[in-house]
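These are the residues of each chain, in order.
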Number of protein chains: 2
Amino acid sequence: MATIHEVAQKAGVSAATVSRVINNRNTVSEKTRMRVEQAIHELEYEPSVLGRNLRNSESRLLLVLIPSISNPFYSEIINGIEDTAIAQGYNILLCETDSNPNREAIYFNMIRNRLADGIISMDPTVNKEKLIELANTYPIVQCSEYEKDGSISYVTIDNELAAYQAVKHLIKLGQKKIALINSDEKFLYARERRQGYEKAMREFGLPIKSEWIYITDQLGFQSGQQAMRVLLNLADRPTAVFAVSDILAIGALKEININDLRVPQDIAIVGFDKISFSNMTHPTLTTVAQPMYKMGCLSVNMLINKIRGKKVDSIVMDHELVIRQST
Amino acid sequence: MATIHEVAQKAGVSAATVSRVINNRNTVSEKTRMRVEQAIHELEYEPSVLGRNLRNSESRLLLVLIPSISNPFYSEIINGIEDTAIAQGYNILLCETDSNPNREAIYFNMIRNRLADGIISMDPTVNKEKLIELANTYPIVQCSEYEKDGSISYVTIDNELAAYQAVKHLIKLGQKKIALINSDEKFLYARERRQGYEKAMREFGLPIKSEWIYITDQLGFQSGQQAMRVLLNLADRPTAVFAVSDILAIGALKEININDLRVPQDIAIVGFDKISFSNMTHPTLTTVAQPMYKMGCLSVNMLINKIRGKKVDSIVMDHELVIRQST
DNA sequence: AGGATTATTGTAATCGTTTACATGAATGAA
DNA sequence: TTCATTCATGTAAACGATTACAATAATCCT
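All residue numbers refer to positions counted from 1 along the written sequence of the respective chain. Throughout, the order in which chains and ligands are written sets their labels, letters from A for the former and numbers from 1 for the latter. Per-residue local features are limited, in this predicted model, to residues with pLDDT of at least 70; the limit for side-chain atom pairs, both in listing and counting, is 80 or more; totals at the level of whole chains, interfaces and linings are taken over all residues. Side-chain descriptors were evaluated using all non-hydrogen atoms of the structure, hydrogens and water having been removed beforehand.

### Focus on the protein's contact with DNA strand D
Part 1 of the argument: If even one non-hydrogen atom of a residue comes within 4 Å of a molecule or strand, that residue is called near it. Residues in close proximity to DNA strand D total 27 residues, the closest being A:Ile4, A:Ser19, A:Ser48, A:Arg55 and B:Arg20.
Part 2 of the argument: When atoms of DNA strand D within 4 Å of the protein are split into backbone and base, the sugar-phosphate part holds 62%.
Part 3 of the argument: Contact between DNA strand D and A:Ser19: a phosphate oxygen at 2.5 Å from a side-chain N or O atom of the residue.
Part 4 of the argument: Whenever two N or O atoms come within 3.5 Å, that pair is a polar contact, provided that in protein one can donate a hydrogen and the other can accept it, and provided that, for residues adjacent in sequence, both atoms are side-chain atoms. In this structure, B:Arg55 approaches DNA strand D through a side-chain N or O atom, which is 2.9 Å from a base nitrogen.
Part 5 of the argument: Mapped onto the surface near DNA strand D, the elements with two or more residues apiece are helix H2 (15–22) and helix H4 (49–56) of chain A together with helix H2 (15–22) and helix H4 (49–56) of chain B. Helix and strand assignments follow DSSP, with helices taken as H or I runs no shorter than four residues and strands as E runs no shorter than two, numbered in order from the N terminus.

Next comes the structure, spelled out in structure tokens:
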């Protein structure tokens, strides 16, 4: 790979001039610009990102923090992030934390090292204190999961409202015994969705029985399946389920199928996220769609604005209840 | 963030000595080593990767090329890659090409720029000529999909054998009319799995009807569903299906369910990959398991050896047929 | 023409490391 | 004691870019 000096030599100018051509500084005459561009072309020169970064202390790399790459919920958001980032000349580094503080520390150090210019955190398991502290010094935005105190800008949806509407949908269909399969309530989204659930139940005068609320400690299919197993064994068995993620809902559905119960006749079920697999289950899953791709795009724009020192406002996006066969 | 010079000053030595301490050069006296380590600790110093990279022209970053992050097949491999890479002091940059040559070009340039030290390609849609050319100069390994000419080291499984065994399993169950849902045969794995299918059919004297072989142009659920729709409409309808990926098999299963046919009684089905969903379908899917995590680990080790200039040999791993309810 | 502007280009310092080489101190041998 | 050898450390150049500043060339105005 040619260096800037070789280009300079070939074009008969100094490295400084070549640099000016590359960066579109206006102070280069048309004649030399042509010569330089010719030389760049002939040598197939590409500026070394390393050299540039060192000097500018910018890397044009964005960190995206997710707990696990296996969770399809993130895929679509990441698509949005990637498309937008590349369009703006940034690359993204996907950081799977596996909810492991050591990994998290590695990635946090990358930004301190100026190896990355900013962070988009989608990790609900992130160390909040550390993240907030880091956000004082470095550009950080949150997507989906966020801090309520507003110390970090975010893109999200109204989780409470979405959950409220999902449960209301079940109620309108005549359901009265509605269970909730929630994830750990240390996550804000879990607390908010629970509130939406309770709000709808209360509004229609339905009982909120604690035995109908199952809290999973993990996020996989198995957890949903396990939750449903417990719910089905109750003396007063619920006739509908609202699960806070499609993954959990699909696990629950599996357990219902195993027990030869019919969906939605015996048990209706609503998920959350509209992952692609939710349309492949039998029956297909009613779910809450988040504008995932769009959320990814907006997060990147927000982050880049922050990097450039602009002030940014948090965004709450619209969601949509997608009614399919499971209700 | 402190620099090496600040550490040097605090410890009362030169930057060179600090550098030697950091890199475990043996020529530092115990006394000064202690002083330097103390200073590093007090200043919470972390070496700048940028400066180091520029000097060494190494980045300790590995590129992982995949067509799409949404495909769960890659998730588990990536887990293996990530764990191993981090353990060896490397980070990985997940590169989603979306089968887009422009994106591919961006990533290829990163390695030419020395922004990355090597590439693990898992992308069957990659431009083979460019990849092979690049592999002459830079460390590159392939995982799963590979080049038969042996110009690039790889980690893979015996696709033909795996397909052969999957189909043989169907035959042993008494199936005679076995269809194949394949992906585009420009991919080596597709050609190999087809050969395995044909080998088994031939060996047991079963007819290979071209109308029983459906080739999808995409890799999503919909393609599998579409394929099954066509197969079900045949006058001479197959009674079993071998799909070359779980995604396709799940789509096919969906279509079978829609038509109120029973699996496996009316139609048996075998997938490939053992993605996590394959255990959540109703019925659960018989499939071929690849040692995905392990493949990821081995790819990284292979690549790092290549980076260090060692000679490496390609590896063919063992697979396993996982028999579940769909057969 | 001569001085003042302005446009263009070059020089050299800088970013944070690593490392070949130089230097000086400590040690050992005679 | 004196010289050779070894050990520990420092000096300075490099990696490849960017950019403040200086220097020169071109242009304009009176």
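### Considering the relation of the copies chain B and chain A
Part 1 of the argument: For the match of chain B to chain A, the screw axis carries a shift of 0.0 Å, the RMSD comes to 0.1 Å, and the turn is 180 degrees. The transformation relating the two chain copies, once decomposed into turn and shift, fits a two-fold axis. The C-alpha atom lying nearest the rotation axis in chain B is that of B:Leu93; the distance is 2.6 Å.
Part 2 of the argument: Two residues form a contact once any of their heavy atoms are found within 4.5 Å. Looking at chain B, 100% of its interface residues are interface residues in chain A too, so the copies touch through the same face. Alignment of copies: least-squares fit on C-alpha atoms of residues with pLDDT of at least 70 in both copies.

### Thoughts on the domain arrangement of chain A
Interface extent is often summarised as the accessible area lost during association of the parts.
Residue and element names in this part refer to chain A.
Part 1 of the argument: Where each domain starts and ends comes from a domain assignment, either automatic or drawn from a database. The domain architecture assigned to chain A consists of domain 1 (4–47), domain 2 (56–157 + 292–318) and domain 3 (159–289).
Part 2 of the argument: When each unit is reduced to the centre of its C-alpha atoms, the spacing between domain 2 and domain 3 is 29 Å.
Part 3 of the argument: The interface of domain 2 with domain 3 comprises 12 residues on the first partner and 11 residues on the second.
Part 4 of the argument: When domain 2 packs against domain 3, close to 1000 Å² is buried across both sides, 61% of that on carbon and sulfur atoms.
Part 5 of the argument: Throughout this description, the term salt bridge denotes a Lys or Arg side-chain nitrogen within 4 Å of a carboxyl oxygen of Asp or Glu. For the interface between domain 2 and domain 3, the tally reads zero salt bridges.
Part 6 of the argument: Between domain 2 and domain 3 we count four residue pairs in polar contact (both at pLDDT 80 or more) in total. Two parts placed together each lose some accessible area; with a 1.4 Å probe, that loss summed over both constitutes the buried area.

### Remarks on the pairing of strand S4 (residues 140–143) of chain A
Residues and elements named next belong to chain A.
Part 1 of the argument: Relative accessibility under 20% of the residue-type maximum defines a buried residue, over 50% an exposed one, and the middle range a partly exposed one, all with a 1.4 Å probe and only protein chains included. Burial along S4 is two-sided: the face carrying Ile-140 and Gln-142 and the face carrying Val-141 and Cys-143 are both buried.
Part 2 of the argument: Consider the strands pointing away from the viewer: the crossover is right-handed when the path from the first strand over the helix to the second runs clockwise. On the question of chirality, the crossover connecting strand S3 (residues 118–121) to the parallel S4 by way of helix H7 (residues 128–137) is right-handed.
Part 3 of the argument: What makes two strands pair is DSSP finding at least two bridges between them. Note that S4 and strand S5 (residues 153–157) share three bridges and pair parallel. Opposite Gln-142, over in S5, you have Tyr-154 as the bridge partner.

### Notes on the pattern of salt bridges
Residues and elements named next belong to chain A.
Part 1 of the argument: Per the stated rule, a full pass over the model turns up 25 salt bridges over all chains.
Part 2 of the argument: We note a salt bridge from Glu-198 to Arg-194, for which the minimum N-O separation is 2.8 Å. Of this pair, Glu-198 and Arg-194 both sit in helix H9 (residues 188–203), four residues apart, which is roughly one turn of the helix.
Part 3 of the argument: Glu-198 sits in the buried class, given a relative accessible area of 18%.
Part 4 of the argument: Between Asp-266 and Arg-262 there is a salt bridge, with the nearest N and O atoms lying 3.1 Å from each other.
Part 5 of the argument: It is possible to trace a salt-bridge network through shared partners that takes in Lys-177, Lys-209, Glu-211 and Asp-236.

### Examining the interface of chain B and chain A
Part 1 of the argument: With 48 residues of chain B at the contact, the number on the chain A side is 50 residues.
Part 2 of the argument: Here chain B packs against chain A, burying approximately 4300 Å² in sum over the two surfaces, 61% of which is carbon and sulfur.
Part 3 of the argument: It is B:Leu50, B:Lys254 and B:Met280 that lose the most area in chain B upon contact with chain A, and together they represent 17% of the buried surface on that side.
Part 4 of the argument: Linking chain B to chain A there are two residue pairs in polar contact (both at pLDDT 80 or more).
Part 5 of the argument: Contributing elements (two or more residues each) for the side of chain B that touches chain A: H4, helix H5 (72–87), strand S2 (91–96), helix H6 (101–112), helix H10 (221–232) and helix H11 (246–258) of chain B.
Part 6 of the argument: Of the residues contributing to the side of chain B that touches chain A, the split by class is 20 nonpolar, 19 polar and nine charged. By the convention adopted, Pro, Cys, Tyr, Trp, Phe, Met, Ile, Leu, Val and Ala count as nonpolar, Lys, Arg, Asp and Glu as charged, and the other residues, Gly among them, as polar.

### Describing the protein's contact with DNA strand C
Part 1 of the argument: Among the 27 residues in the neighbourhood of DNA strand C, the closest are listed as A:Thr32, A:Arg55, B:Ile4, B:Ser19 and B:Arg55.
Part 2 of the argument: For DNA strand C, the backbone makes up 61% of the atoms found within 4 Å of the protein, where backbone means sugar plus phosphate.
Part 3 of the argument: Measuring from a base nitrogen of DNA strand C, one finds a backbone N or O atom of B:Gly51 at 3.2 Å.
Part 4 of the argument: Side-chain polar atom of B:Arg55 to a base oxygen of DNA strand C: 2.3 Å apart, as the coordinates give it.
Part 5 of the argument: Secondary-structure elements contributing two or more residues to the surface near DNA strand C are H2 and H4 of chain A together with helix H1 (4–11), H2 and H4 of chain B.
Part 6 of the argument: The dominant element in the surface near DNA strand C, judged by the number of residues it contributes, is H4(B), at four residues.
Part 7 of the argument: Tallied by class, the residues present in the surface near DNA strand C amount to eight nonpolar, 13 polar and six charged.

### A look at the packing of H4(A) against H4(B)
Part 1 of the argument: Simply put, an axis is a line fit to the C-alpha atoms, just over the touching stretch for a helix, and the angle between two N-to-C directions goes from 0 to 180 degrees. In contact at an axis separation of 9 Å, H4(A) and H4(B) are set at 145 degrees when each is read in the N-to-C sense. Two packed elements cross with a definite hand, and for H4(A) against H4(B) that hand is left-handed. Here A:Leu50, A:Gly51, A:Asn53 and A:Leu54 of H4(A) come into contact with H4(B), specifically with B:Leu50, B:Gly51, B:Asn53 and B:Leu54.
Part 2 of the argument: Of the residues assigned to the contact of H4(A) with H4(B), the class counts are four nonpolar, four polar and no charged. Should the near helix be turned anticlockwise from the far one by less than a right angle, the crossing is termed left-handed; should it be turned clockwise, right-handed.

### Notes on the environment of A:Thr125
Residues and elements named next belong to chain A.
Part 1 of the argument: Its location among the elements puts Thr-125 in the loop between S3 and H7.
Part 2 of the argument: It is 34 Å that separates the C-alpha atoms of Thr-125 and Pro-264, two residues lying 139 residues apart in sequence.
Part 3 of the argument: A polar side-chain atom of Thr-125 sits 2.6 Å from a polar atom in the side chain of Asp-123.

### Some words on the side chain of B:Asp117
Residue and element names in this part refer to chain B.
Part 1 of the argument: With respect to the helices and strands, the residue Asp-117 is situated in the loop between H6 and strand S3 (118–121).
Part 2 of the argument: For Asp-117, the side chain forms a polar contact with the main-chain nitrogen of Ser-59, separated by 2.8 Å.
Part 3 of the argument: Sequence-distant contacts of Asp-117, that is, excluding residues within four places in its chain, are made with Glu-58, Ser-59, Arg-60, Leu-61, Leu-62, Tyr-90, Ile-111, Pro-139 and Ile-307.

### Looking at the environment of B:Thr17
Part 1 of the argument: Here B:Thr17 is to be found in helix H2.
Part 2 of the argument: When the C-alpha positions of B:Thr17 and B:Arg60 are compared, they lie 23 Å apart, and in sequence the two are 43 residues distant.

### Considerations on helix H3 (residues 30–43) of chain A
Residue and element names in this part refer to chain A.
Part 1 of the argument: The span expected for a helix works out to 1.5 Å for each residue beyond the first. Helix length check: H3 (14 residues) gives 20 Å between terminal C-alpha atoms against 20 Å at 1.5 Å per residue, within 8%.
Part 2 of the argument: Of all the positions in H3, only Thr-32, Arg-33, Val-36, Ala-39 and Ile-40 are classed as buried. Projection of H3 onto a plane perpendicular to its axis shows the buried side chains occupying an angular sector of 130 degrees, all on one side. The exposed set on the far side of H3, more than 90 degrees from its buried face, consists of Glu-30, Lys-31, Met-34 and His-41.
Part 3 of the argument: Taken from the residues just after H3, Glu-44 is the one with a positive phi, measuring 50 degrees. What the arc describes is the spread of directions from the helix axis to the C-beta atoms.

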